[in-house]
Amino acid sequence: NNTTGVGVIEVYDLSPSDVSKLGDISTRAFVNTGDNIVIAGFILGNNSGMDRIVARGIGPSLTAFGVSNALADPTLELRDSNGTLLILNNNWQDNAAQAAELMADGLAPTNPLESGIAMTLPPGSYTALLAGLNNGTGVGLVEVYDLGAP
């Protein structure tokens with residue numbers, strides 16, 4: 001009935017012993033401030049090795065797809081299971097090494113104001129936090145890609 005609120009969507013691998021894996025997951029949502037930013041949790045597991053991921057925070061380029069009130073300047077944080085900040089990104093081209101990895105992976109955002117993180121991580125639980133720069137609000141998209149072993 002057009003109500004709003006906070007929701008959770010979960011995806012589980014029901015056959016973790018199989019070699020299949022979820023390649024990426026994305027969520028489009030309204031990004032507010034404070035406790036109402038978009039939080040995307042993911043778990044890297046079922047192996048003992050490192051895994052490469054790319055996380056992206058998309059906003060301005062959504063307008064080309066007819067999304068109104070797009071998040072003007074997204075920021076993206078990656079945190080571990082203890083809540084420790086691993087990396088923060090505002091504009092994906094701010095860090096030359098990160099930008100080179102995103103381009104090499106074919107996952108560079110199309111707008112320079114959007115966020116992108118490329119990291120190699122051990123198995124564990126992580127969160128990608130999508131917010132607006134200077135408490136900006138709007139519709140944003142957070143994506144996490146699993147690129148496999150380095």
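The structure under discussion appears in the preceding block.
Since this is a predicted model, take the numbers as computed values, not measurements.

A. Quick peek at the pattern of salt bridges. Taken as a whole and judged by the stated rule, the model has four salt bridges. The salt bridge involving E101 is made with R52; its shortest N-O contact spans 3.8 Å. With a gap of 49 residues between them, E101 in helix α1 (residues 96-104) and R52 in strand β3 (residues 51-58) connect regions that are remote in the sequence. A relative accessible area of 18% places R52 in the buried class.

B. Just unusual backbone geometry, in detail. Although it is not a glycine, N69 adopts a positive phi angle of roughly 60°. Structurally, the position occupied by N69 is in the loop between β3 and β4 (74-80). For N134, which is not a glycine, the phi torsion comes out positive at approximately 55°. Mapped onto the secondary structure, N134 falls in the loop between β7 (124-132) and β8 (138-148). The class for N134 is exposed, based on a relative accessible area of 71%.

C. Representation of the pairing of β8 in the model. For β8, the tally of buried residues reaches 10 of 11 residues, placing the bulk of the element in the interior. As judged from the seven bridges shared by β3 and β8, these two strands associate in the antiparallel manner. Paired with A55 across the bridge in β8 is V144.

D. Spotlight on the environment of F30. Counting through the fold element by element, F30 comes out in strand β1 (residues 24-31). Setting aside chain neighbours within four positions, we find F30 in contact with N36, V38, N69, T137, G138 and V139.

E. Local environment of the pairing of strand β2 (residues 38-44). Residue alternation in β2 divides its side chains into a buried set, V38, A40, F42 and L44, and an unburied set, I39, G41 and I43. Bridge count between β2 and β7: seven bridges; the pairing is antiparallel. Residue pairing in the sheet places V38 in a bridge with L130 of β7.

F. Here's a closer look at the packing of aromatic side chains. For the structure shown, the criterion picks out one aromatic pair. Between the aromatic rings of F42 and Y126, the centroid separation amounts to 5.6 Å while the plane-to-plane angle is 25°, which identifies the pairing as stacked. Of the two residues, F42 is situated in strand β2 and Y126 in strand β7; the sequence distance between them amounts to 84 residues. For the pair formed by F42 and Y126, the shared burial category is buried.

G. Just the layout of surface pockets, in detail. In this model, the second largest pocket occupies a volume close to 180 Å³. Along the wall of the second largest pocket there are 13 residues; nearest its centre are I37, T75, E77, A131 and G132. Secondary structure elements with two or more residues in the lining of the second largest pocket: β4 and β7. In terms of residue count, the dominant contributor to the lining of the second largest pocket is β7 (three residues). Counted by class, the lining of the second largest pocket contains five nonpolar, seven polar and one charged residues.

Rules of the game
- Residues numbered from 1 in each chain as written.
- Predicted model: local features only at pLDDT ≥ 70, side-chain atom pairs only at ≥ 80, totals over all residues.
- Heavy atoms only, no water.
- Salt bridge = Lys/Arg side-chain N within 4 Å of Asp/Glu carboxyl O.
- Helix = DSSP H or I, 4+ residues; strand = E, 2+ residues; numbered from the N terminus.
- Buried < 20%, exposed > 50% of the residue type's maximum accessible area, 1.4 Å probe, protein only.
- Pairing = 2+ DSSP bridges.
- Contact = heavy atoms within 4.5 Å.
- Phe/Tyr/Trp six-rings, centres within 6.5 Å; stacked < 30°, edge-to-face > 60°.
- 1 Å grid on protein atoms, 1.4 Å probe; cavity = no way out; pocket = protein on both sides within 12 Å on 5 of 7 lines; lining within 4 Å.
- Points joined across faces, edges and corners; volume = space filled by probe spheres on them.
- Nonpolar A, V, L, I, M, F, W, Y, C, P; charged D, E, K, R; others polar.

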